[in-house]
Each structure stands twice: as C-alpha cells, then as structure tokens.
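# Architecture at a glance
Residue strings, one per chain:
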Amino acid sequence: DSHGGGSRLQLTSTSEEDKSLRPRTRSPWPGLNRPVIPGVIAFLGWLGFALARWQIWAKGHLSLFIMAGHVYTHRGQLPRGLLLVPSAGYDGQFYYRLALDPANWNATAFGITMDQSYRDTRIGYPALAWLLSLGQHQLVPVVLVVINLLAVAAMAVLGGMLARESGRHALWGLAFAAYFGLVISVGRDTAEPLAEACMLGGLLAYRRGSPAMYLLATALFAYGAITRETILLAPAAIAVTRLIAIARRRTGPGLADLVWVVPAVVYGLLEVAVHFVVKGDFPLLASGSRNLTVPFTAMVDALKYDIAHINTSYLSPVDRTLLEYATVAIFLLAGLAVLFVTTAPAHERLAFVFFVLQLGLLSSQIWNSTFGDGRALIEPCLMALVLLLATPRRYLSWYYLSLILACAVPALLVVVRRRTLYM
C-alpha cells in the first residue's frame, strides 16, 4: 500500500491510490454533513462581504470592483458607466476587457490597453463572463462578481466532498473558502476562485477513477489552466506518478493520461495562438520574467524588509503582510508535517510539493506587494488542506486540525475589514 501511514512517498497509479482513502465514519452533526451546506454558508458569507464592499467602499458603484485605473485606460473610449479608481488599477481591468469580447486580442480595445500578453492566456474567467452576460456589456460587472461568488461556494462544496471522502465532516469544506486572498479575488474581479474550483474538482474527479470521471477531470484541469496557468502543476504531478507507474510496468497508457496530456496541449496551443496574434514574446515567458525570479531570493528579501519594519503602535500594511505570510507558513508547515502519513494520493502530495516550490520562485513584485493580500499564494494552502483532511485521526485529531484551521481566521478578518473600507 502506498499511503496508509507508510514512511515512504511512493508514486503509484491512481487505481492503487483510491483504495487508501479512509472510509466515512458517523458524523456528530448528521444533518449538516452534506457538502452543499458549506457551499451555502460560503456563498452567503462572501455575498455579505461583496455587498458591504459595494455599499461602503464602492458607494454603490459595482464597476469599481473592476479596479480600472488611469494608466491603461483611455477615457473617451471606455464603456458607459465604468468608473476609474485613483491609481494604476489592478488585474480585474484586464479580465473585464476580455469579458467584453474574448476574441479581441488587439493591444487596445474598449478603452483599455493590455499590459502583458499573458493576460490573453487567462481567458477562462472572462470568457465565462462573456457567455453568461450574453455579450451585453452592461451586465459584465455584475456577472464577474457572481461568477466569483459561485466559484467560492463551489470550492467549499468540493472541499466538503474531499473531507467526506477522507472520513471527515463536510463542514471542514468551509476552510477552502476561508483563504484571506479570496478577499481580493471577490472584491477586485480576478480569476482565482474559478481556477481553484477547477483544480479541486479535477482532483476529486481523478480520485473517482472511472472513465467518465477521467474525462471530467481532463476538462476541469484544461479549463483551469486557461484561467490561471499555475493550475498546471496539479496535472503535472499526475503526469509524474503516471509515467513512473508506466515505467515500472505497473500500468499502461490509458484514459487516465488524458488528465495531464490534454491540459498541457490546450494551454500550449493557446500560448502559440497568442504569440502569433499579439506578436510578442510567448506569454508564459512574459509572465515568468515578471512574476518569477531566482529561487527564494525575492521571498527572503521581502521577509527581511517586513520584519525590519514591524510597527508596534498600529497595524501597518507591513504588519498585515506578515500576518498573512505567517498564516501561509502555518499551513505549509502543517502540510509538510503530514506529507508521509496522510492518506491523500501520491499525486496530491506531489502537487503540494510543486506548489510549495513555486512559492520560492515568485518575484519581488508579488512578495513586496501589500496590495494583493496574498492571492497568488493560494494553491499551496489549498493543497495543504487536502493533505490535512486526509490525515488519519491517530496522527491529526479534530482538535489539532481545528487549531490549525483557526489560524486562518485572524488574517481573513483583517483583510475583509480592510477591503470593505478601502481600495
């Protein structure tokens, strides 16, 4: 058996991995032990935040969630009703631009100029908004927010399903929707909720191991990849485990391999298309030069600076950033601590490792930011949750699991309050 509390991280095929998932046990609150319950709670909670931000910070102007600024916009060409924020803006303005017409890859359209070609490869979120808005531009600001609210609810539902599969209560799924960086996603129209829902759904479908579930996992990972390319690390982990199993003659190529082949091909084709249409560098290279750096240098430099500038008289932006980083560190350390005892399949453990290593590559643009509130750090935290929920109770009781997950609450409350009142 490759999981079952062994001391080795053995990479196996998914058919072997599925056998090790813990059976369900009797729940103390059977009426609430349904994945839809955390989904409803998460939706209502995040709806409350969105309404509060809309009324308090945005003063009733939902288009401010788009965060269109003065640097990349041309006032005379902007759609009617779009208000600008007094800054350079934020990523939501580019998702909004694409949501008006996903097939328009001109450098400037609808009064908004794209800053980097990699924006065009993150087409999943705006394309869905365009589809649901029926091409009606005045509906796009509302649809962008609604998609994120539904996606966060889906994350909680899928988290509840993963918890149930590991013998835990479905309400643990709420932890997946409690990541503080989602405040930025919901409050500024960015793609993380949809991408992470695709990743979690793909992992869950792959666990099921049937032909239909392999096809569903393939579709979810592929769509997640063109929504946020970092999602590709999850199918990459599946690729490693599959190729090792094939090399050891434990299995042969099959339908399960579509789960990692198709997302890579889909994203690769989109990369090539954007490269030739936009006439610039390959988008992944542009993204890498802007968002990646020499391993761990930017992270270490940012931590040194933040620690040297701690403010003890009030909660400064640096203090909030350190609180967020401390929260991430707790989840990562907890995930590493259970890495060899969790019953989570080997590809999920490997995906967690991949996402942790990716953190070390992030550039100073991300680590030095006090404006993004850690939204770029979400995947390793979600994967840590997957591993923790799948850890047998003899290693991680509900009490200690509760203590770990409770560590997410202070950062969430601080960021929610901040972004309800301010930009």
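For the structure, see preceding data.
So, a few notes on the structure that sits alongside this text. Computed from a predicted model, the values in this text were never measured in an experiment. Residue indices follow the written sequence of each chain, beginning from 1 at its first position. Side-chain atom pairs in this predicted model are given and counted only at pLDDT of 80 or more, local residue features only at pLDDT of at least 70, and totals for whole chains, interfaces and linings cover all residues. With hydrogens and water excluded, all non-hydrogen atoms of the structure serve as input to the side-chain values.

## A few points about the overall build of the protein
Numbering goes from the N terminus for both helices and strands, where a helix is a DSSP run of H or I of at least four residues and a strand is a run of E of at least two. Secondary structure summary: the protein contains 18 helices and two strands in total. Over its C-alpha trace the protein gives a radius of gyration of 21 Å, about what one expects of a compact globule, namely 22 Å for 423 residues. Each principal axis of the C-alpha atoms in the protein carries an extent, and together these give about 65 × 55 × 45 Å. Using a 1.4 Å probe, accessible areas were evaluated by the Shrake-Rupley method; residue-level cover was limited to the displayed protein chains. Taken as a whole, the protein presents about 17400 Å² of accessible surface, with 67% of it coming from carbon and sulfur. We score Asp and Glu as negative and Lys and Arg as positive, and we do not count His or the chain ends. To locate a charge, take atom NZ for lysine, CZ for arginine, CG for aspartate or CD for glutamate. Put simply, the protein has 34 plus and 23 minus side-chain charges, and the middle of one group is 7 Å from the middle of the other. Throughout, the radius of gyration refers to the C-alpha atoms, and the reference size of a globule is 2.2 Å times the residue count to the power 0.38.

## Things to note about helix α3 (residues 92-100)
Turn by turn, an α-helix covers 3.6 residues, leaving residues three or four places apart pointing in a common direction. The buried fraction of α3 amounts to nine of the nine residues, a majority that puts the element mostly inside the structure. Taken together, the buried positions of α3 are occupied by G92, Q93, F94, Y95, Y96, R97, L98, A99 and L100. In what follows, residue pairs with any heavy atoms lying within 4.5 Å of each other are defined as contacts. Residues of α3 that are buried sit in contact with β1 (108-109), β2 (112-113), α4 (124-132), α5 (140-165) and α6 (182-188). Whether a residue is buried, partly exposed or exposed follows from its accessible area with a 1.4 Å probe, protein chains only, as a fraction of its type maximum: under 20%, in between, or over 50%, in that order.

## Some words on the environment of H309
For H309, the location among the structural elements is in the loop between α12 (297-308) and α13 (317-337). Given a relative accessible area of 41%, H309 falls into the partly exposed group. As for H309 and L284, which are separated by 25 residues in sequence, their C-alpha atoms are 34 Å apart. Throughout this description, a polar contact denotes any pair of N or O atoms lying within 3.5 Å of each other; where both atoms belong to protein, one of them has to be capable of donating a hydrogen while the other can accept it, and for residues adjacent in sequence the pair is counted only when both atoms sit in side chains. Here the side chain of H309 touches Y305 through a polar contact of 2.7 Å, landing on its backbone oxygen.

## Considering the nonpolar core
In this text, buried Ala, Val, Leu, Ile, Met, Phe, Trp, Tyr and Cys residues form a nonpolar core when linked through side-chain atoms within 4.5 Å. With 86 residues, the main nonpolar core has W46, M199, F221 and W367 as its most contacted residues. The biggest single contributor to this core is helix α16 (residues 378-389), with 10 residues. If sequence neighbours within four positions are ignored, W46 has contacts with L149, V152, A177, Y179, L182, V183, V186 and L412. Core analysis: the second largest hydrophobic core is formed by 28 residues, L78, I112, L144 and V274 among them.

## A word on unusual backbone geometry
The backbone of M67 shows a phi angle near 60°, a positive value even though the residue is not glycine. Take M67: it is sitting in the loop between α2 (36-56) and α3. The buried category is assigned to M67, whose relative accessible area is 0%. Positive phi, close to 60°, is recorded for R249, a residue that is not glycine. On the secondary structure map, R249 appears in the loop between α9 (233-247) and α10 (258-278). On the basis of relative accessibility, which here comes to 77%, the residue R249 falls in the exposed class.

## Quick word on the state of the cysteines
Pairs of cysteine sulfur atoms within 2.5 Å are identified as disulfides in what follows. Tallying each qualifying case throughout the model produces zero disulfides. No disulfide involves C198; its sulfur sits 19 Å from that of C381, the nearest cysteine. Of all cysteine sulfurs, the one in C407 lies closest to C381, which takes part in no disulfide; the gap is 12 Å.

## Focus on the pattern of salt bridges
Salt bridges are identified by distance alone: a Lys or Arg side-chain nitrogen within 4 Å of an Asp or Glu carboxyl oxygen. Across all of its chains, the model carries 13 salt bridges by this definition. As a salt-bridge pair, R207 and E165 come within 3.8 Å of each other at their nearest N and O atoms. Highlighted residues: R207 in helix α7 (residues 192-208) and E165 in helix α5, separated in sequence by 42 residues. The two residues R207 and E165 agree in class, both being buried. Residues joined by salt bridges that share partners form a network here, namely D91, D115, R119, E192, E196, R228, R375 and E379.

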